[in-house]
Amino acid sequence: MPEITAAVVKALRERTGLPMMDCKRALEETGGDQEKAVELLRKAGMKTMEKRAGRETAFGRIAVVANLQPPQGAIIELRCESAPVGSNEEFVQLAQDLAQQLATGPGAASPEQLLAQSSPSQPGTTLKHQFDELNHRIREVFRLHRIARIDGQCGGYVHHDGAKGVLLHVENGNATVAKDICMHIVAMRPRCTRVEELDPAVVEKEREILGEAARREGKPEKIIAKMVEGRLRSFYAEHCLVDQPFAKDPAKTVGQVAEEAGMRILGFVHWEIGKE
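Model, not experiment: these values are computed from the prediction. (Residues numbered from 1 in each chain as written. Predicted model: local features only at pLDDT ≥ 70, side-chain atom pairs only at ≥ 80, totals over all residues. Heavy atoms only, no water.)

Asks: Lay out the sheet that holds strand E3 (residues 143-150) with the relevant residues and their values.
Replies: The three strands lie next to each other as E1-E2-E3, forming an open sheet whose pairing is antiparallel. Because the sheet does not close on itself, it has two edges, and the strands there are strand E1 (59-67) and E3. Pairs of neighbouring strands in the sheet enclose a mean axial angle of 10°, with direction left out of account. (Pairing = 2+ DSSP bridges. Helix = DSSP H or I, 4+ residues; strand = E, 2+ residues; numbered from the N terminus. Axes fitted to C-alpha atoms, helices over the stretch in contact; angles between N-to-C directions.)

As structure tokens, then:
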């Protein structure tokens, strides 16, 4: 068996990113064969990750790719176990590659379908291979939790911590205004784009609450219905994007800001790590 020198162990460590002792043991078990040692380490890593599969993944990264031309956009949520890994340079790159491929590739109906596609930053490699290699080195549970793609003009924004992101679907888009509206969505967290998209059951419940409040105020029954509809406007302004006061200029609604830019808001996806 060839001598397992420190230089040989170091070379394997640089190749795999794994601890020196793990690399030395793998080389000893494979008679110094680098390729067999890599495969042995990979299999050992897979067994380790299988044991950890049930661990909570409360951290991670939202990644967004949004374009007006060509009209395309995608958002993904990639989870991990700890905050430092969520900020790891290679983890951030993996998240961005996933969003890039989803936006510009053939599309995917599931995370598994997306992972089977090519990696934008590593030609000749699949996203699954990139995912597994990083997972193997970091040894935390990774989950590609959810993905979404929009075939149309899009604006996008990811908060500086990577934990919140928005993909905005627009028509006749203006990149600056679209980004500003995405930032507004992260800050104000609307439920939907327009009133008609609200859950009717939620609206009816609010109507009942407002009606009871008016009765407790001693308002005549004949005017309560009209009062309730008036007060519902505040509820709509709280929860519907186009009716919300714009965060950067509260004198205008988001809908008015978009209209002044010649842009129509069609919908949005707003995700936060760990929140459905």
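Past the structure itself, the notes keep going.
Asks: Describe the nonpolar core, with residues and values.
Replies: Ranked by internal contacts, the top residues of the largest apolar core, which has 22 residues, are Ile76, Leu78, Phe91, Leu98, Leu114, Phe142 and Leu144. Elements with a contribution of two residues or more to this core: E1, strand E2 (72-80), helix H5 (89-104), helix H6 (111-115), helix H7 (127-138) and E3. The greatest single-element share of this core, amounting to seven residues, is contributed by H5. If sequence neighbours within four positions are ignored, Ile76 has contacts with Arg61, Ile62, Ala63, Ala95, Leu98, Ala99, Leu102, Leu114, Leu144, Arg146, Ile147 and Trp271. Counting 20 residues, the second largest nonpolar core, distinct from the first, contains Leu168, Val177, Val242 and Phe268. (Core = buried A, V, L, I, M, F, W, Y, C linked by side-chain atoms within 4.5 Å. Buried < 20%, exposed > 50% of the residue type's maximum accessible area, 1.4 Å probe, protein only. Contact = heavy atoms within 4.5 Å.)

Asks: Go over the packing of H5 against H7 with me, naming the residues and quoting the values.
Replies: Across the interface, H5 lies against H7 with an axial gap of 11 Å and an inter-helix angle of 165°. As the angle between them shows, H5 and H7 are arranged roughly antiparallel. The element H5 and its partner H7 pack so that their crossing is left-handed. Within the contact between the two elements, H5 uses Glu90, Phe91, Gln93, Leu94, Asp97, Leu98 and Gln101 and H7 uses Leu127, Gln130, Phe131, Leu134 and Arg137. Here the residues of the contact of H5 with H7 sort into six nonpolar, three polar and three charged. (Parallel < 35°, antiparallel > 145°, perpendicular 65-115°, else oblique. Left-handed = near helix turned anticlockwise from the far one by under 90°. Nonpolar A, V, L, I, M, F, W, Y, C, P; charged D, E, K, R; others polar.)

Asks: Give a description of the pattern of salt bridges that names residues and reports values.
Replies: By the definition in use, this model includes 15 salt bridges. Close ionic contact of Glu77 with Arg79 constitutes a salt bridge, the shortest N to O distance being 2.8 Å. Salt bridges linked by common partners bring Glu77, Arg79 and Arg146 together as one network. (Salt bridge = Lys/Arg side-chain N within 4 Å of Asp/Glu carboxyl O.)

Asks: Describe unusual backbone geometry, with residues and values.
Replies: For the peptide bond that leads from Gln69 to Pro70, omega is -5°, which places it in the cis range. Within the secondary structure, Pro70 sits in the loop between E1 and E2. With a phi close to 55°, Asn172 is a non-glycine residue in the positive phi region. When you line up the elements, Asn172 lands in the loop between strand E5 (164-171) and helix H8 (175-188). Phi at Arg189 is positive, roughly 50°, even though this residue is not glycine. In this structure, Arg189 sits in the loop between H8 and helix H9 (200-216).

Remember that the coordinates give geometry; whether it matters functionally is a separate question.
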